[in-house]
Amino acid sequence: MRSYWWKILAVLLVTYSFVGGLLFEVPRLFILNETIRALYFHVPMWFSMVAMFVTSTYHAIVYLRKNNPEADIASSSFAEAGVVLGMLGIFTGMIWANYTWGSPWDGDPKQNGAAISLLVYFAYFILRGSISNHEQKARLSAVYNIFAFVAMVPLIFIIPRMMSSMHPGSGGNPGFNMYDLDSRMRMVFYPAVIGWILLGTWMGTLLVRYKNVKEKVYELEETVR
Amino acid sequence: MNWKKLSANLMCLLFSIGAFAQTQDVPMADGMRAEGKIYVVVAIILVILFGLIGYLVFLDRKLTQLEKRMPK
């Protein structure tokens, strides 16, 4: 990921989704009205959050197998990027819900599940912050990271689909048909998802590089002392 | 001529007109588009997006400089 063409691609795709998301035709639906365009911005947050958490868990497993500190740094960095995107998803969802469901928080299964899984990931950072021994911190948090990911899957993908929910894609039939996502919307939605995943990856790699430099500075300080 | 078929066809036509009228009745921000004011919104959010991405590029470059100064 040293090359930078994918960062340009991320900027191009997100820019396209901003312009296309506001200007292109969308289905005319009651209640949703013009807010249907929020889909181009709200849903990619969740897609990219899940992508970040998958990357984070992958590096956690790599750490447990090889015990290399780089994997621990990557795992925690991508978890941070995922939590940032997830919080943006929660807040945008609350604004959208306020105008379409009547209140920002209805206790909808999808909302609750997303909030709980974010809390599970907050606990991950609390766990990391509470252990000073580097190896212990890395090993424990890698194990917890896998647990957090496994907890997220039913909370976001399974339970909301088993219960009745106002959120599209919940309460039975999963998949994209429920989003009323016609071909015009797909033309903007999929590029937006790819663009935001790449942008999230960029944020994650910046954190990785920052933490690597910080580690080296610590090592230098140790040798000077 | 069977009246059943004709009335069924008429019913279909009636319902499709109803459906068509319904979708056109949905209030959308058509006025904002007609006036061209939507381009103002697009311009504003693009300025903010590019501002944030420019900042990301700035941070990226600073970090690259720092990485180069680090001893191997």
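Residues numbered from 1 in each chain as written. Chains lettered and ligands numbered in written order. Predicted model: local features only at pLDDT ≥ 70, side-chain atom pairs only at ≥ 80, totals over all residues. Heavy atoms only, no water.

**Let's talk about the overall build of chain A**
Piece 1. Counting secondary structure elements, chain A contains six helices and zero strands.
Piece 2. When the helices and strands of chain A are read in sequence order from the N terminus, they spell out α-α-α-α-α-α.
Piece 3. Expressed as lengths along the three principal axes of its C-alpha atoms, the size of chain A is roughly 70 × 40 × 25 Å.
Piece 4. The buried share among the 225 residues of chain A stands at 48%.
Piece 5. Sequence separation of at least 24 residues holds for 71% of the intrachain contacts in chain A that already meet a minimum separation of 6.
Piece 6. Of the roughly 11300 Å² that chain A leaves accessible, carbon and sulfur atoms contribute 68%. (Helix = DSSP H or I, 4+ residues; strand = E, 2+ residues; numbered from the N terminus. Buried < 20%, exposed > 50% of the residue type's maximum accessible area, 1.4 Å probe, protein only. Contact = heavy atoms within 4.5 Å. Areas by Shrake-Rupley, 256 points an atom, 1.4 Å probe, with all protein chains shown as cover.)

**Re the pattern of salt bridges**
Residues and elements named next belong to chain A.
Piece 1. Here the structure, examined in full by the defined rule, presents 10 salt bridges over all chains.
Piece 2. A salt bridge links aspartate 72 to arginine 128, with the nearest nitrogen and oxygen atoms 3.1 Å apart. A residue pair is termed long-range when its members are at least 10 positions apart, and aspartate 72 in helix α3 (residues 69-100) and arginine 128 in helix α4 (residues 109-129) qualify at 56 residues. Taken individually, aspartate 72 and arginine 128 each receive the classification buried, so the pair is uniform in this respect. (Salt bridge = Lys/Arg side-chain N within 4 Å of Asp/Glu carboxyl O.)

**Examining the interface of chain B and chain A**
Piece 1. Contacts between the two partners involve 27 residues from chain B and, on the opposite side, 24 residues from chain A.
Piece 2. A per-residue breakdown of the area chain B buries against chain A is headed by Met28, Leu56 and Met70 of chain B, which together make up 21% of the total.
Piece 3. Counting across the interface, chain B meets chain A through five salt bridges.
Piece 4. On the surface where chain B and chain A come into contact, there are 11 residue pairs in polar contact (both at pLDDT 80 or more).
Piece 5. Secondary-structure elements contributing two or more residues to the side of chain B that touches chain A are α1 (3-25), α2 (30-35) and α3 (38-69) of chain B.
Piece 6. For the side of chain B that touches chain A, the element with the most residues is α3 of chain B, which contributes 16 residues. (Buried area = accessible area lost by both parts, 1.4 Å probe. Polar contact = N/O pair within 3.5 Å; in protein donor to acceptor, adjacent residues only side chain to side chain.)

**Some remarks on the packing of α3 of chain A against helix α6 (residues 183-224) of chain A**
Residues and elements named next belong to chain A.
Piece 1. In the contact formed by α3 and α6, the axes pass within 8 Å of each other and the chain directions differ by 140°. When the axes of α3 and α6 are compared, the pair comes out oblique. Taken as a pair, α3 and α6 cross one another with a handedness that is right-handed. Note on element contacts: α6 touches α3 through Gly200, Thr201, Met203, Gly204, Thr205, Leu207, Val208, Lys211, Asn212 and Glu215, opposite Ile73, Ala74, Ser76, Ser77, Phe78, Glu80, Ala81, Val84 and Leu85.
Piece 2. Considering only residue class, the contact of α3 with α6 consists of nine nonpolar, seven polar and three charged. (Axes fitted to C-alpha atoms, helices over the stretch in contact; angles between N-to-C directions. Parallel < 35°, antiparallel > 145°, perpendicular 65-115°, else oblique. Left-handed = near helix turned anticlockwise from the far one by under 90°. Nonpolar A, V, L, I, M, F, W, Y, C, P; charged D, E, K, R; others polar.)

**Observations concerning the packing of aromatic side chains**
Residue and element names in this part refer to chain A.
Piece 1. Taken as a whole and judged by the stated rule, the model has nine aromatic pairs over all chains.
Piece 2. The interplanar angle of 15° and the centroid separation of 6.4 Å between the aromatic rings of tyrosine 124 and tyrosine 144 together place this pair among those described as stacked. With tyrosine 124 in helix α4 and tyrosine 144 in helix α5 (residues 134-162), the pair connects residues that are 20 residues apart, well separated along the chain. Residues tyrosine 124 and tyrosine 144 agree in their burial class; the two are buried. (Phe/Tyr/Trp six-rings, centres within 6.5 Å; stacked < 30°, edge-to-face > 60°.)

**A look at unusual backbone geometry**
Residues and elements named next belong to chain A.
Piece 1. Positive phi values are uncommon outside glycine, yet asparagine 33 reaches one of about 50°.
Piece 2. Mapped onto the fold, asparagine 33 is located in the loop between α1 (5-23) and α2 (39-66).
Piece 3. The phi angle at asparagine 67 is positive, at roughly 60°, despite the residue not being glycine.
Piece 4. Among the structural elements, asparagine 67 can be located in the loop between α2 and α3.

**With respect to the nonpolar core**
Piece 1. Counting 44 residues, the largest nonpolar core has Met49, Phe53, Met152, Trp196 and Trp202 of chain A as the members making the most contacts within it.
Piece 2. Of all elements in the fold, only α1, α2, α3, α4, α5 and α6 of chain A together with α3 of chain B reach the threshold of two or more residues within this core.
Piece 3. Ranked by the residues each element gives to this core, the list is headed by α3 of chain A, at eight residues.
Piece 4. Counting 12 residues, the second-largest nonpolar core is a separate cluster that includes Val26 and Val188 of chain A together with Val26 and Met28 of chain B. (Core = buried A, V, L, I, M, F, W, Y, C linked by side-chain atoms within 4.5 Å.)

**Thoughts on the confidence of the model for chain A**
Piece 1. The predicted model of chain A has a mean per-residue pLDDT of 91, with 93% of residues at 70 or higher.
Piece 2. Across chain A, the secondary-structure element scoring lowest on mean pLDDT is α6 of chain A, at 93, and the one scoring highest is α2 of chain A, at 97. (pLDDT = per-residue confidence, 0-100.)

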